Amino acid sequence: MTSRGVIRYSEHDVDTTSPLAGGCAWIDGEYVPAAQARISVFDAGFAHSDLTYTAVSVWHGGIFRLGEHVERLVAGARKLRIESPLAAEEIEAIALRCTALSQLREAFVWIGVTRGLGPTPGDRMSPAMAPRVYAYAIPYLWVFPLEAQLDGASAVVARHVRRSGRGTVDPTVKNLQWGDLTKATLEARERGAMQPILLDSDNCLAEGAGFNVLVVKNGTIATPVRNCLPGITRRTAIEIAARRGVPVEERDVSSEELYASDEIFATTTAGGVTPIVELDGAPVGTGRPGPITTAIRDRFWQLVAEPSALVRKIDY
Ligand SMILES: Cc1ncc(COP(=O)(O)O)c(C=O)c1O
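Position labels on residues start from 1 in each chain and follow its written sequence. Under the rules for a predicted model, residues below a pLDDT of 70 receive no local features and side-chain atom pairs below 80 are neither given nor counted, while totals for whole chains, interfaces and linings still include all residues.

**Remarks on the sheet that holds strand 3 (residues 51-59)**
- In short, DSSP must find at least two bridges between two strands for them to pair. Counting from the N terminus, the helices are the DSSP runs of H or I reaching at least four residues and the strands are the DSSP runs of E reaching at least two. The sheet built from seven strands is open, its strands ordered 2-1-6-5-3-4-16 with antiparallel pairing. Among the strands making up the open sheet, the edge pair consists of strand 2 (30-33) and strand 16 (311-313). Across the sheet, the axes of successive neighbouring strands diverge by a mean angle of 25°, strand direction being ignored.
- In the sheet, strand 5 (residues 107-117) pairs with strand 6 (residues 130-139) via nine bridges, with the strands oriented antiparallel. Within strand 6, the position partnered with Val-109 by the bridge is Ala-137.
- Distance between backbone-placed C-beta atoms decides contact: two residues are in contact if it is within 7 Å. Lines fitted to C-alpha atoms define the axes, with helix axes restricted to the stretch in contact, and inter-axis angles between N-to-C directions lie between 0 and 180 degrees. The strands touched by helix 2 (residues 66-79) within the sheet are strand 3, strand 4 (62-64), strand 5 and strand 16, with strand 3 carrying the most contacts at an inclination of about 175°.

**A short note on the site of the ligand**
- Throughout this description, a residue near a molecule or strand is one whose C-beta atom, derived from the backbone, lies within 6 Å of it. Inspection of the region around the ligand gives 13 residues, with Leu-229, Gly-231, Ile-232, Thr-233 and Thr-269 positioned closest.
- Broken down by secondary-structure element, the contributors of at least two residues to the shell around the ligand are helix 6 (232-243) and strand 13 (263-268).
- Looking at which element gives the most residues to the shell around the ligand, the answer is helix 6, with three residues.
- Following the grouping adopted for this structure description, the nonpolar residues are Ala, Val, Leu, Ile, Met, Phe, Trp, Tyr, Cys and Pro, the charged ones are Asp, Glu, Lys and Arg, and the polar ones are all others, Gly among them. Its residues assigned to classes, the shell around the ligand comprises four nonpolar, seven polar and two charged.

**Quick look at the domain arrangement of the protein chain**
- Each domain's extent is set by a domain assignment, obtained either automatically or from a database. Entries for the protein chain in the domain assignment read domain 1 (24-139) and domain 2 (146-303).
- A straight line from the C-alpha centre of domain 1 to that of domain 2 covers 26 Å.
- With 16 residues of domain 1 at the interface, the matching set in domain 2 holds nine residues.
- Contributions of two or more residues to the side of domain 1 that touches domain 2 are made by strand 3 and helix 2.
- Looking at the side of domain 1 that touches domain 2, the element that brings in the most residues is strand 3, giving seven residues.
- Classifying every residue of the side of domain 1 that touches domain 2 by side-chain character gives six nonpolar, six polar and four charged.

**As for the packing of helix 2 against helix 3 (residues 88-102)**
- At a minimum axis distance of 10 Å, the contact between helix 2 and helix 3 shows a crossing angle of 125°. Comparing the axis directions of helix 2 and helix 3 gives the class oblique. Once helix 2 is placed against helix 3, the crossing between them reads as right-handed. Between helix 2 and helix 3, the residues in contact are Leu-66, Gly-67, Val-70, Glu-71 and Val-74 and Ala-88, Ile-91, Glu-92 and Ala-95, respectively.
- Looking at the contact of helix 2 with helix 3, its residues break down into six nonpolar, one polar and two charged. What sets the label is the angle itself: under 35 degrees gives roughly parallel, over 145 gives roughly antiparallel, 65 to 115 gives roughly perpendicular, and the rest give oblique. For any helix crossing, the convention is left-handed if the near helix is rotated counterclockwise from the far helix by under a right angle, and right-handed if that rotation is clockwise.

Rendered as structure tokens:
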């Protein structure tokens, strides 16, 4: 774990006499060490990816926008017609407790709601399915390497796969039907880039494999309104931009606009705000993190660490 520039990990050692130190999961009502977390192979979330989930970040001992994450989770479950067995406040309490027991000051907190288990093994749509909630807190994860936050990342536009559109798997419900994103990630790897950016079937920008994408042209930010997850980090970036007087347009962004951008950046819970400085092997703008991206990135890392209504301190 490294600190660099605006990204500073807490100086804190976990007490390893607790078996939950460093990673804690909540499975079927029990807090267990993350490495020992197990679910049934008959859970519809595993068997049919019939679930929704969210991931929340903890930075410097504070959890970021937990209420909004759980709201999106519960709304997503409702769209899938999965009745969460727990109320939003109960889910929040579990996420907070998992984090506290893990002792982690910088954590990735995953919460999922699955259609769960039916009365008979293999049931997947029985009216008697009993939905389940699972959660865990593990050390903070990075979609792009930490250094890419500061120096910029490389990406390619996926050639062989498009992001599933809203008429297929609803991308506004955070899901694990990652076939398109995984295929694009493998393509990016083969083409020597860190991550892929996917277009939709209209050749417009959709999103990346676990992140939203925003482009900057002549001082204005643009980002898609459809065929992507309404990311909470993106919302934060948009709010930061608005406060700085940078105009933001939420609309279709064509592939031409993507390639002609002055700046491109990615936003995600697992990594904040990452400048993308190389696209398909060519420099984006100057080939270095641009001024609008870096201003938003730097303010983002302050926001997650300072006291505000967006951050709930963990009671360790
Ligand atoms: C497909 C996809 N798009 C966008 C995002 C970013 O969303 P958020 O900022 O809420 O983490 C994620 C997050 O994991 C994601 O999986």
